[in-house]
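# Coordinate inspection notes
Given next are the chains, with one letter for each unit.
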Amino acid sequence: MPPVTVRYFAGARAAAGTGTEAREAASLDQLVGQIVADHGERLERVLTACSFLIDGAQARDRTAPLSPGAVVDVLPPFAGG
C-alpha cells in the first residue's frame, strides 16, 4: 500500500510534534487510529475538534478508502477575524 502523507496544522502540529509524516492506511479511521496510538492522548484530544481534508476535499466519511498517495490535512478550528 503506497504511503499517505499526513500534514498537521496549528494545535494539531504541536500535539503531534511534527508537521508532516507518511503513513500506510486504507481509510481515515485507520489513519486516525494509528496517529493516536503513536502520538498519544494529547493529539487524541485535539483531533476531536479537527476537520480532515483528503486531497483538498473535506472528508465526511471516515470509512471511505484512501487513494494511494493521498494527502490528508489535519485542521483544528482556527480563530481570527
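Scroll up for the structure.
Quick caveat, the model's predicted, so the values are computed rather than measured.

Another aspect to go through is the sheet that holds strand 2 (residues 20-23). If you trace the five strands from one edge of the open sheet to the other, you get 2-1-5-3-4, paired in mixed fashion. Of all strands in the sheet, those bounded by a partner on one side alone are strand 2 and strand 4 (57-58).

This next bit is on helix 2 (residues 28-39). Along its 12 residues, helix 2 runs 16 Å from first to last C-alpha, staying within 8% of the 16 Å computed at 1.5 Å per residue. Inspection of helix 2 places L28, L31, V32, I35 and V36 among the buried residues, and these make up the whole buried set. In a view along the axis of helix 2, the buried residues occupy a sector of 130°, so they form one face of it. In helix 2, the exposed positions that point more than 90 degrees away from the buried face belong to A37 and D38. Immediately downstream of helix 2, the backbone of G40 shows phi near 95°, a positive value.

Before going further, it helps to examine the nonpolar core. If you look at the biggest cluster of nonpolar residues, it comprises 21 residues, and the most contacted ones within it are Y8, L31, L47, F52 and V74. Residue assignment for this core shows that the elements contributing at least two residues are strand 1 (4-8), helix 1 (10-16), helix 2, helix 3 (41-47) and strand 5 (71-75). If one sorts the elements of this core by residue count, helix 2 sits on top with five residues. In this structure, V74 is in contact with V6, R7, Y8, F9, A12, L47, C50, S51 and F52, ignoring residues within four places of it in sequence.

As paired strands, strand 3 (residues 51-54) and strand 5 are joined by four bridges and run antiparallel to one another. Bridged to S51 within strand 5 is L75. Bridging between strand 3 and strand 4 involves two bridges; their strand directions are antiparallel. When the bridges of strand 4 are listed, L53 appears paired with Q58. Hairpin connection between strand 3 and strand 4: a loop of two residues separates the two successive antiparallel strands, and D55 in this loop has a positive phi of roughly 50°.

Calculation rules
- Residues numbered from 1 in each chain as written.
- Predicted model: local features only at pLDDT ≥ 70, side-chain atom pairs only at ≥ 80, totals over all residues.
- Heavy atoms only, no water.
- Pairing = 2+ DSSP bridges.
- Helix = DSSP H or I, 4+ residues; strand = E, 2+ residues; numbered from the N terminus.
- Expected span 1.5 Å × (residues − 1).
- Buried < 20%, exposed > 50% of the residue type's maximum accessible area, 1.4 Å probe, protein only.
- Arc of directions from axis to C-beta.
- Core = buried A, V, L, I, M, F, W, Y, C linked by side-chain atoms within 4.5 Å.
- Contact = heavy atoms within 4.5 Å.

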